[in-house]
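# Survey of secondary and tertiary structure
Residues per chain, in single letters:
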Amino acid sequence: MFDALSISPRDVRLARQDLAGGVTAWPIWTHLGLLDIRQRYRRSRLGQFWITLSMALFVGGIGVVNASLFRAAAADYIPYLAASYIVWTLMSGLANDAAQVYVQAAPFLRQAAIPRTVFVLRVLARNAVAFAHNVVILPVVFALFGVWPGATALLALPGLALLAAAAFCAVHAVGVLATRFRDLPQIMQNAVQMAFFLTPVMWRPEQLGSNVASALSFNPFAVYLSLVVEPLLGRAPPASSWAAGVAMLLPLAGVAWLLFARFRARIPYWL
Amino acid sequence: MASITLQDVSVEFPIYNAQSRSLRRGLMRKVGGGLDTHDPAVLRVQALRNVNLALRPGDRLALVGHNGAGKSTLLRVLSGAYEPSSGDARIEGKVASLLDITLGMDDELTGRENIALRGAFAGLTRREVAERMDEIADFCELGEFLDLPMRTYSSGMSLRVAFGVSTALSPDILLLDELIAVGDAGFAAKARARIERLMDQASILVLASHSVEILETYCNRAVRMEGGRIVAEGGVREVVG
């Protein structure tokens, strides 16, 4: 499948340079990330506020239907749904974009020595911008249903930071693999769809039996989701959730580093 | 100081067909019995073979050879885009590779936005882009069109913008695939003067072309490529003529 996973000191040095060069080239990836969003909604009157509007419509529609279907109190269910669906959209967007990260950048990568990390960060920037457009719905929903998370909501920031770190590693790893194996984008799409049903986005962990609920700590989507959503709703995540978030990050970073250091130079050859 | 040193550089492309590129095949093969690095199912194209090349400031290298001889691949190695699959490539200095001048330009963006985007890729800060914007706008002679989306441009107008921004940089090493010609007669002369200035300022120039006349005008060294190898090296007249 691959040449053996042997990484020379030179590979390591170049991979480090790529990471550092990519991060410091922030004018490029913020610019590209913003352009990606602006371009998608170019020539439409509402522009990128379609992101916000679509999210509001979805949360409103599904919220009302599901609240009556699950017989949950709307005042309880809809704020949860709004927060979890917004964070889910961020994670699924990152996962799906990850498979395209280098393929999309092919013309650039074939012509100049641009750090690969620039394009990984572009994907993060693009999804962060979309997230920022969605997250403005939350105060409105919270106000409507009288939810006040208080200062606990600030704990969502370290949660988001962990999520971003995991995404940084995952996009690096998936990007390399998906450039080499062109079935992976399709596989990813299906996996993300499956993950949607296995992650407490439309339902709540409390609705599962306690045995099943503990299985959620093996679902990375569920772990990072809870680290952002729970604080937003005013509940501090338990220490075990933070531990799970960090514990998942470490092997992910390891795998991403190995793949990136070994195959970084090969990426333009595979395009 | 700008310099280029290629030592025994080879570039070998694996051509994965749809089958061998699939994850399923990859996994199956691994399960089937060890890693096979030279799987006969994977076609390999040797685009460059054992190329040695040293360029120092003042060198103006002419690159000649038939189509498919490896000129473009060599230019991509020199730009740093392709890291050699074996051998060593050391490239010191700021490289501008004008292999595809319309690189990364987007039809939905305005001329100005495209210039800013390209500037960012070339490593310019926002301020540097702003400083050069007027000069580029003057050069393009597009007036108010520069604030319209590029999809409203004719192909000649897009090329003017692409050329204007591509040549607004000040690289140490300049890589050109054919001398770019843009625009109608009057503009072409202006464009020629602009690219000549760029070539003069660059410390090292590599120019691939099929035109003997152009190569003799701008170059002081030449290599001829065939089948991914350098087969002749020397003065422009003896190699190209």
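Residues numbered from 1 in each chain as written. Chains lettered and ligands numbered in written order. Predicted model: local features only at pLDDT ≥ 70, side-chain atom pairs only at ≥ 80, totals over all residues. Heavy atoms only, no water.

- Identification of chain A as ABC transporter permease from Alsobacter soli is taken from an unreviewed UniProt entry.
- UniProt annotates chain A under Subcellular location (unreviewed entry) with the comment "Cell membrane".
- The heading Sequence similarities (unreviewed entry) in the UniProt record of chain A holds the text "Belongs to the ABC-2 integral membrane protein family." (UniProt positions renumbered as here; feature names shortened; annotations may be inferred.)

### Looking at the overall build of chain B
- Across its full length, chain B holds 8 helices and 9 strands.
- In chain B, of all internal contacts separated by at least 6 residues, the share reaching a separation of at least 24 is 74%. (Helix = DSSP H or I, 4+ residues; strand = E, 2+ residues; numbered from the N terminus. Contact = heavy atoms within 4.5 Å.)

### A few points about the overall build of chain A
- The helix and strand tally for chain A stands at 14 helices and 0 strands.
- From first element to last, N terminus to C terminus, chain A shows the α and β order α-α-α-α-α-α-α-α-α-α-α-α-α-α.
- For chain A, whose C-alpha radius of gyration is 20 Å, the value lies close to the compact-globule estimate of 18 Å for 271 residues.
- Judged by the C-alpha coordinates and their principal axes, chain A covers about 60 × 50 × 35 Å.
- Across the 271 residues in chain A, those meeting the buried criterion constitute 51%.
- Counting contacts in chain A only where the partners sit at least 6 residues apart, residues at least 24 apart contribute 79% of the total.
- Working note: accessible area of chain A is about 12,200 Å², and carbon and sulfur atoms make up 69% of it.
- Here chain A carries 20 positive and 9 negative side-chain charges, and the mean point of each set is 10 Å from the other. (Rg over C-alpha atoms; globule rule 2.2 N^0.38 Å. Buried < 20%, exposed > 50% of the residue type's maximum accessible area, 1.4 Å probe, protein only. Areas by Shrake-Rupley, 256 points an atom, 1.4 Å probe, with all protein chains shown as cover. Lys, Arg positive; Asp, Glu negative; His and termini not counted. Charge placed at Lys NZ, Arg CZ, Asp CG, Glu CD.)

### Let's talk about the pairing of strand E7 (residues 204-208) of chain B
All names here are of chain B.
- Counted residue by residue, E7 has 5 buried out of 5 residues, so it is predominantly covered.
- The side-chain alternation of E7 yields two buried faces, one formed by Ile-204, Val-206 and Ala-208 and the other by Leu-205 and Leu-207.
- Both strand E6 (residues 173-177) and E7 contribute to a ladder of 5 bridges, which runs parallel. Bridge pairing links Asp-177 to Ala-208 in E7.
- In this view, the connection linking E6 to its parallel neighbour E7 by way of helix H6 (residues 185-201) has right-handed handedness. (Pairing = 2+ DSSP bridges. Right-handed = clockwise from strand over helix to strand, strands pointing away.)

### Here's the deal with the environment of Asp107(B)
Residue and element names in this part refer to chain B.
- Tracing the backbone through its elements, the reader meets Asp-107 in the loop between strand E5 (95-98) and helix H3 (111-121).
- Of the residues examined, Asp-107 reaches a relative accessible area of 47% and is grouped as partly exposed.
- As for Asp-107 and Arg-151, which are separated by 44 residues in sequence, their C-alpha atoms are 4.6 Å apart.
- Not counting the four nearest positions on each side in its chain, Asp-107 is found in contact with Pro-149, Met-150 and Arg-151.

### Points about the nonpolar core
- Core analysis: the largest hydrophobic core is formed by 89 residues, its most contacted members being Val87(A), Trp88(A), Tyr102(A), Phe119(A), Leu163(A), Tyr224(A) and Phe121(B).
- Looking at this core, the element that brings in the most residues is helix H4 (residues 74-98) of chain A, giving 15 residues.
- The residues touching Tyr224(A), leaving out its near neighbours within four places in the chain, are Met91(A), Leu162(A), Leu163(A), Ala166(A), Gly245(A), Met248(A) and Leu249(A).
- Counting residues in each nonpolar core, the second largest holds 46 residues, with Ala62(B), Val64(B), Cys140(B) and Phe163(B) among its members. (Core = buried A, V, L, I, M, F, W, Y, C linked by side-chain atoms within 4.5 Å.)

### As for the sheet that holds E6(B)
Residues and elements named next belong to chain B.
- Pairing within the open sheet is mixed, and its 6 strands lie in the order E5-E6-E7-E3-E8-E9. Both edges of this open sheet fall to E5 and strand E9 (229-234), since each of them pairs with a single strand only. Each neighbouring strand pair of the sheet contributes to a mean axis angle of 15 degrees, computed without reference to strand direction.
- In this sheet, E7 lies alongside strand E3 (residues 60-65) in parallel orientation, the contact comprising 4 bridges. Paired with Leu-63 across the strands is Ala-208, a residue of E7.
- In this fold H6 packs onto E3, E5, E6 and E7, with an angle of close to 135 degrees to the strand it touches most, E6. (Axes fitted to C-alpha atoms, helices over the stretch in contact; angles between N-to-C directions.)

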